[in-house]
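Results of the structural survey
Listed below, chain by chain, are the residues.
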Amino acid sequence: MDFVAKAVIIGLTEQAPLVLAAMGMALIYNLSKVINVAFAETITLGAYFGMWMNTTFSANFYVSLAIAGILAGVLSCATYLVVFRTAERRGVGTVEVIIISLGLSVLLRYGLQFVFGYEARFYDTPPPTFMKLFGVGFTSFQLTAFILVVVLALLFYLFVQKTVWGRQVRALASDADLAKVSGINPLLTTLVMWFMAGAAGGLAGAFWGVGSSAKPGLGWDRFLLTLLVVLVGGTRGLRGVILAGMGTGVLLSALKLEIAPLRAEIVLLVAFILVLKLRGNRFRELAKV
Amino acid sequence: MSAVWDYLFGSPAFLIFGTYTLMMIVGLGILLHLQLGVTGIGNFGVAGFWGAGLYTFGILQVHYDVGFWLALLAATAAGGVLGAIAGWVIADLDDDGVLAATLAVATIVFLAIESEKDFTGGRVGLGTIDFPFDIGERTDLAWLAILFGVTGLLLWYARRVHRSPYGRLLIATGTNEPLARSLRKPVKRTKVGIMALTSAGMGALGGLYGPIVHFLFPTQLTVAITVSVITALVLGGQQRPWGAFIGAVLTVGLFDIAIKLYVPLPREVLEHAFPVTKQIIFGALLIFVLLFRPLGILGRMRRERHVKGLSRV
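What you see is a predicted model, and the numbers here were worked out from it, not measured in a lab.

Secondary structure assignment for chain A yields 12 helices and 2 strands. Helices and strands in chain A line up, N terminus first, as α-α-α-α-β-β-α-α-α-α-α-α-α-α. Dimensions of chain A, computed from the C-alpha atoms along their principal axes, are close to 55 × 45 × 35 Å. A burial count over chain A gives 55% of its 289 residues as buried. In chain A, 77% of the contacts between residues at least 6 apart in sequence involve partners at least 24 apart. With the model as given, the accessible surface of chain A reaches about 12,200 Å², and the carbon-plus-sulfur share is 66%. In chain A, 23 side chains carry a positive charge and 13 a negative one; their mean positions are 6 Å apart.

Structure below.
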């Protein structure tokens, strides 16, 4: 019981932003049917935007967080308009789009170093207070981040499932031609979705950034895990992504309690690969709707 | 004459190391060409397969005093086994799954090297690894000649594959997998086979890189290697065996040899701004080439051009 409680509390508090990031990536995957590697940099830039607002303009963390989300959303839309829409119009193949997104990822990751500097940058936040639950220690900040992530994930979920915009996004993802015939504006709907996805990624990055630091490799270091959560959990829609994200956090912390952290990550990756292999392409179409 | 020689080859060690890197990228690019350009497998974990060979070679040489040839064979086998496993995993996955699986393989190799410090030295490093022969000052030049030979062999093999029945099978698998399957072509076996074969080549190149750097660090296996190889191949032409060579000369050759050797950049620029600018240009190249000239400088396969020409007649 003690072990389970520890695994759950540590997993949920430490990996909460993973759920947000995975939801953002899944939104793009659902609509564009392609994995956007540059999403890693949306996460990274979210962390930098938050840090920039927090340290340069002395904004408190929550204001920085909101602005980081908005700016990351705008950046996400810009990447769609400049790069991915052009690729779509030119009929570029799936592998090539993935490589293009890798190029964009590299471009942004190194480009941001000219703007924000080469070294890691830190948020200026008051020191957190330490708490304990079931004998497991965590910071007030981790608790706040967890609660905020749960609320935001719920809002994202409700937006996609219950609002008119969400229905339009899902309609466009299911059958673009039919959606257009029924009066949906594909560009506007796509931009709304890319904005939401970017905002989710940016917020995740800001949470990760304030927990450690804003550095160029922040998003890339977490990209693979986010991608695997989307590919495995995405077969069950956004609910599946949320569950897979939380499950991954808990499993990773459980493994880290038993074995060395790096070996724990290896075991988790091997488990994900096996799931991908066993699942094959059977749920592929389901995953994209 | 002497002044010209001094200007061109004033820092021979630097020039030789830059050419080592160039040859390594060309070799990896030719192997990636067989995976991506011919068979349609987007391998985003090149650094992992290469690193598996590099570290297998290093561990055997440093810890077990294994001879050069046996260590190189083991490095090749390590890359091959890893490639066969990766091929088995991705055989029935779509492109997104292939991206995730190959990236995961590279990450696992990286994490294993960082975690198994007793064998790999972790972040402290593993060394030293020496050349298998010593002919004095010309040892590094002789090693460079060997690398040229290996790269030439890979190029020769890639060209042969294009003209062979096996090459047609690979092209059929890459161009239209469902059709190849319906024609009873062994698509799954083909993918596993080509991944094992080409990854074995990447492992061998990793083994050959060991004596060049003498000391191995996990930071040598970052995604930058994969990005350099993909950029070179995409720029030169992913469907052509010479594509990786042309692309590598224009990217790695320009940045890691020409500019570093002949442009007097201040030290602080060389340390930070230069590598960052190089990566920015690589990223921009990937985007622009694939958007506006998807088949790179050399264009489509010779076979396709020939068929297109016939259809016009």
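Residues K162, R167, R170 and R239 of chain A make up a contiguous surface patch of positive charge. Tracing the backbone through its elements, the reader meets R239 of chain A in helix α10 (residues 237-258).

The next point concerns the side chain of N54 of chain A. Residue and element names in this part refer to chain A. Mapped onto the elements of the fold, N54 is located in helix α2 (residues 39-56). Among the polar contacts made by the side chain of N54, one reaches the main-chain carbonyl oxygen of A59 at a distance of 2.9 Å. Contact partners of N54, with chain neighbours within four places excluded, come to A59, N60, F61, S64, Y123, D124 and T125.

Enumeration according to the criterion identifies 9 salt bridges over all chains in this entry. For the salt bridge of D92 of chain B with K277 of chain A, the shortest nitrogen-to-oxygen distance reads 3.3 Å. With D92 of chain B in the loop between α4 (68-90) and α5 (95-115) and K277 of chain A in helix α11 (residues 261-279), the pair connects residues from two separate chains. D92 of chain B gets classed as partly exposed once you look at its relative accessible area, which sits at 29%. Look at K277 of chain A and you get buried, because its relative accessible area is 9%. Bridged by salt links that share partners, the residues E177, R181 and K191 of chain B form one connected network.

Bringing the packing of helix α3 (residues 61-89) of chain A against helix α4 (residues 94-116) of chain A into the picture now. Residue and element names in this part refer to chain A. At a closest axis distance of 10 Å, the pairing of α3 and α4 adopts a crossing angle of 155 degrees. By the criterion of interaxial angle, the relationship of α3 to α4 is roughly antiparallel. Of the two possible hands of crossing, α3 and α4 adopt the one that is right-handed. Listed contacts from α4 to T79, V83, F84 and A87 of α3 are V97, I100, S101, L104 and L108. Classifying every residue of the contact of α3 with α4 by side-chain character gives 7 nonpolar, 2 polar and no charged.

By size, the foremost hydrophobic cluster in this structure holds 190 residues, and its most contacted members are L20, M23, I99, F207 and F223 of chain A together with W50 of chain B. Per-element tally for this core: the top contributor is helix α2 (residues 12-38) of chain B, with 15 residues. What W50 of chain B contacts, discounting residues up to four positions off in sequence, is M24, L28, M202, L205, G206, Y209, Q220, L221 and I225 of chain B.

Now for helix α12 (residues 243-262) of chain B. Three- or four-residue spacings in an α-helix give side chains the same orientation, since the helix completes a turn every 3.6 residues. Roughly 55 degrees is the biggest bend found in α12 of chain B, and it falls at L254 of chain B. Within α12 of chain B the residues assigned to the buried category are G243, A244, G247, A248, T251, V252, G253, F255, D256, I257 and L261 of chain B.

Turning next to helix α11 (residues 223-236) of chain B. All names here are of chain B. Over its 14 residues, α11 runs 20 Å from end to end, which matches the ideal 20 Å to within 8%, given 1.5 Å per residue. Of all the 14 residues making up α11, 13 are buried; the element is thus mostly covered by neighbouring parts of the structure. Positive backbone phi, approximately 135 degrees, marks G237, located one or two places after α11.

Right, let's talk about the interface of chain B and chain A for a bit. The interface of chain B with chain A comprises 42 residues on the first partner and 45 residues on the second. At the surface where chain B touches chain A, the tally comes to 6 residue pairs in polar contact (both at pLDDT 80 or more). Listing elements by their share of the side of chain B that touches chain A, those giving two or more residues are α4, α5, α11 and α13 (267-292) of chain B. With 14 residues, the top contributor of residues to the side of chain B that touches chain A is α5 of chain B. Split into classes, the residues belonging to the side of chain B that touches chain A amount to 26 nonpolar, 9 polar and 7 charged.

In the sheet, strand β1 (residues 130-133) of chain A pairs with strand β2 (residues 136-139) of chain A via 4 bridges, with the strands oriented antiparallel. Paired with K132 of chain A across the two strands is G137 of chain A, which belongs to β2 of chain A.

Cut-off values and rules
- Residues numbered from 1 in each chain as written.
- Chains lettered and ligands numbered in written order.
- Predicted model: local features only at pLDDT ≥ 70, side-chain atom pairs only at ≥ 80, totals over all residues.
- Heavy atoms only, no water.
- Helix = DSSP H or I, 4+ residues; strand = E, 2+ residues; numbered from the N terminus.
- Buried < 20%, exposed > 50% of the residue type's maximum accessible area, 1.4 Å probe, protein only.
- Contact = heavy atoms within 4.5 Å.
- Areas by Shrake-Rupley, 256 points an atom, 1.4 Å probe, with all protein chains shown as cover.
- Lys, Arg positive; Asp, Glu negative; His and termini not counted.
- Charge placed at Lys NZ, Arg CZ, Asp CG, Glu CD.
- Patch = residues over 30% accessible without salt bridge, like charges linked within 9 Å, V, L, I, M, F, W, Y side chains within 5 Å.
- Salt bridge = Lys/Arg side-chain N within 4 Å of Asp/Glu carboxyl O.
- Polar contact = N/O pair within 3.5 Å; in protein donor to acceptor, adjacent residues only side chain to side chain.
- Axes fitted to C-alpha atoms, helices over the stretch in contact; angles between N-to-C directions.
- Parallel < 35°, antiparallel > 145°, perpendicular 65-115°, else oblique.
- Left-handed = near helix turned anticlockwise from the far one by under 90°.
- Nonpolar A, V, L, I, M, F, W, Y, C, P; charged D, E, K, R; others polar.
- Core = buried A, V, L, I, M, F, W, Y, C linked by side-chain atoms within 4.5 Å.
- Bend = angle between axes of the 7 residues up to and from the residue.
- Expected span 1.5 Å × (residues − 1).
- Pairing = 2+ DSSP bridges.

Keep in mind these values describe shape, not function.
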